[in-house]
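So you can see what is in the structure, the chains are spelled out below.
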Amino acid sequence: MDIASLLEAALLGVVEGLTEFLPVSSTGHLLLLGHFLGFESTGKTFEVLIQLGAILAILLVYAQRLIDVARRIPTDPSARRFVLGVLIAFLPAAVIGAALHGFIKNVLFETPALVCVALIVGGLVLLWVDARTPTQHYEVRGVDGPAHAWVDGPRDGARFDDAMRFPLWLCLAVGLCQCLALIPGVSRSGSTIVGALLMGASKRAAAEFSFFLSMPTMAGAFAYDLYKNRNVLSLDDIGLVAVGFVCAFLVALVVVRYVLDFISKRGYAPFAWWRLIVGSAGLAGVLVYG
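Residues numbered from 1 in each chain as written. Predicted model: local features only at pLDDT ≥ 70, side-chain atom pairs only at ≥ 80, totals over all residues. Heavy atoms only, no water.

## A word on the environment of Thr45
Here is step 1 of the chain: Looking at the secondary structure, you find Thr45 in the loop between helix H2 (26-37) and helix H3 (46-49).
Here is step 2 of the chain: For Thr45, a relative accessible area of 0% gives the class buried.
Here is step 3 of the chain: As for Thr45 and Ser191, which are separated by 146 residues in sequence, their C-alpha atoms are 22 Å apart.
Here is step 4 of the chain: Discounting chain neighbours no more than four positions away, the residues touching Thr45 are Lys105, Asp225, Asn229 and Leu233. (Helix = DSSP H or I, 4+ residues; strand = E, 2+ residues; numbered from the N terminus. Buried < 20%, exposed > 50% of the residue type's maximum accessible area, 1.4 Å probe, protein only. Contact = heavy atoms within 4.5 Å.)

## Quick notes on a nonpolar patch on the surface
Here is step 1 of the chain: Taken together, the side chains of Val95, Ile96, Leu100, Phe103 and Val107 present a nonpolar region at the surface, about 420 Å² in accessible area.
Here is step 2 of the chain: For Leu100, a relative accessible area of 39% gives the class partly exposed. (Patch = residues over 30% accessible without salt bridge, like charges linked within 9 Å, V, L, I, M, F, W, Y side chains within 5 Å. Areas by Shrake-Rupley, 256 points an atom, 1.4 Å probe, with all protein chains shown as cover. Salt bridge = Lys/Arg side-chain N within 4 Å of Asp/Glu carboxyl O.)

## Some remarks on the packing of helix H12 (residues 235-266) against helix H13 (residues 269-289)
Here is step 1 of the chain: Put simply, H12 and H13 touch, their axes get as near as 9 Å, and they point 100° apart. The pairing of H12 with H13 is recorded here as roughly perpendicular in orientation. Packed against H12, whose contacting residues are Phe262, Ile263 and Arg266, the element H13 presents Ala269, Pro270 and Phe271 at the interface.
Here is step 2 of the chain: Of the residues in the contact of H12 with H13, the class split is five nonpolar, no polar and one charged. (Axes fitted to C-alpha atoms, helices over the stretch in contact; angles between N-to-C directions. Parallel < 35°, antiparallel > 145°, perpendicular 65-115°, else oblique. Nonpolar A, V, L, I, M, F, W, Y, C, P; charged D, E, K, R; others polar.)

## Regarding the state of the cysteines
Here is step 1 of the chain: Counted under the stated rule, the structure contains zero disulfides.
Here is step 2 of the chain: Unpaired in terms of disulfides, Cys177 finds its nearest cysteine sulfur in Cys179, a separation of 8.6 Å.
Here is step 3 of the chain: Classification of Cys179 as buried rests on a relative accessible area of 16%. (Disulfide = S-S within 2.5 Å.)

## Describing helix H11 (residues 203-228)
Note: α-helices contain 3.6 residues per turn, so residues at a spacing of three or four share the same orientation.
Here is step 1 of the chain: Taking 1.5 Å per residue as the helical rise, H11 with its 26 residues ought to reach 38 Å, and the 36 Å between its terminal C-alpha atoms agrees with that figure.
Here is step 2 of the chain: A bend of about 35° at Ser214 is the largest found in H11, and the proline Pro216 appears one to four places after it. (Expected span 1.5 Å × (residues − 1). Bend = angle between axes of the 7 residues up to and from the residue.)

## Considerations on unusual backbone geometry
A negative phi holds for most residues other than glycine; trans holds for most peptide bonds.
Here is step 1 of the chain: Here Ser25, not a glycine, exhibits a phi torsion of approximately 75°, which is positive.
Here is step 2 of the chain: Within the element layout of this structure, Ser25 appears in the loop between helix H1 (3-19) and H2.
Here is step 3 of the chain: If you check the backbone angles, Ser187 has positive phi at about 90° while not being a glycine.
Here is step 4 of the chain: Along the polypeptide, Ser187 turns up in the loop between helix H9 (168-178) and helix H10 (188-198).
Here is step 5 of the chain: Residue classification places Ser187 among the buried positions, given a relative accessible area of 3%.

## Overview of helix H6 (residues 77-99)
Here is step 1 of the chain: Between its first and last C-alpha, H6 extends 33 Å over 23 residues, near the 33 Å set by a 1.5 Å rise per residue.
Here is step 2 of the chain: In H6, a bend of some 30° at Leu91 exceeds every other bend along the element, and Pro92, a proline, comes one to four places later.
Here is step 3 of the chain: Of all the residues in H6, the buried ones are Ala79, Phe82, Gly85, Val86, Ala89, Phe90, Pro92, Ala93 and Gly97.
Here is step 4 of the chain: Packed against the buried residues of H6 are helix H5 (63-72), helix H7 (101-106), H9 and H11.

## Looking at the nonpolar core
Here is step 1 of the chain: By size, the foremost hydrophobic cluster in this structure holds 47 residues, and its most contacted members are Phe21, Tyr62, Phe166, Phe209, Phe211, Phe212 and Tyr268.
Here is step 2 of the chain: Looking at this core, the elements with two or more residues in it are helix H4 (51-61), H6, helix H8 (112-131), H9, H10, H11, H12 and H13.
Here is step 3 of the chain: For this core, the element with the most residues is H11, which contributes nine residues.
Here is step 4 of the chain: The contacts of Phe21, once residues within four sequence positions are left out, are Ala54, Ile58, Arg188, Ser189, Phe211, Ser214, Met218, Ala252 and Val256. (Core = buried A, V, L, I, M, F, W, Y, C linked by side-chain atoms within 4.5 Å.)

## A short note on the packing of aromatic side chains
Here is step 1 of the chain: What the rule picks out here adds up to nine aromatic pairs.
Here is step 2 of the chain: Ring geometry for Phe21 and Phe211: centres 5.4 Å apart, planes at 70°, overall edge-to-face. Of this pair, Phe21 sits in the loop between H1 and H2 while Phe211 sits in helix H11, and the two are 190 residues apart along the sequence.
Here is step 3 of the chain: A centroid spacing of 6.3 Å and a plane angle of 65° characterise the contact between Phe160 and Phe166, whose relative ring orientation is edge-to-face.
Here is step 4 of the chain: For Phe160, a relative accessible area of 26% translates into the label partly exposed. (Phe/Tyr/Trp six-rings, centres within 6.5 Å; stacked < 30°, edge-to-face > 60°.)

Below, the structure written as structure tokens:
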């Protein structure tokens, strides 16, 4: 483990922290950057394990809300419904990801051109969804009391504006959309956000539910990948992961605190254009340099 490898690991950790909770595909960025840097990790495990740093960042930011939910579970049906909704959303990708783990790591992770195409297609989809979901806001009274609603283009109607009160069918729909993110470059947060937006969630609520869903999803991916590669990881691998982990944690800690406000004001178009730029540049690089 030399200095150059440590610097590459730190750079990849920074990129992970910057992109994990944005709809731009952190895994796609890591795979492309690693490809052009010549960075090789054992079993492509580095790219998965450093996500734990981002998980801890969002756990820290949302600690008070999560503790509050945990305290209310025995007495509050809405708290139990929220936890159940996140678990329901988590299960589809967990089952399919475990079943296809070898194919994903050995084939999809090793195809940079696929990552670039997924980034471009995802950017176009995100532009379309963002354009049809303006953030015009008003207040209505629903079954459970005051609630927020959003206007979606020419079709007026109530929308889901509280990520902790999504109905269970919406949670399942978002979870099914998350399965698309098993293709590197699609983006876990991007697929879940687009799914929620198309089902009627507000931009902020869609992003926030994606945050909550990331906790079991990324923790599960970390634990499963660590288990599958427990016999092949070396001390050098662990050192590189540790560096990437710390960098991802510190950067994600800053990103999570500001991304929701940014999305509320600017929407998702900036991220869509970023995907198009990175995907196009990466595809050109793959075609020219291999």
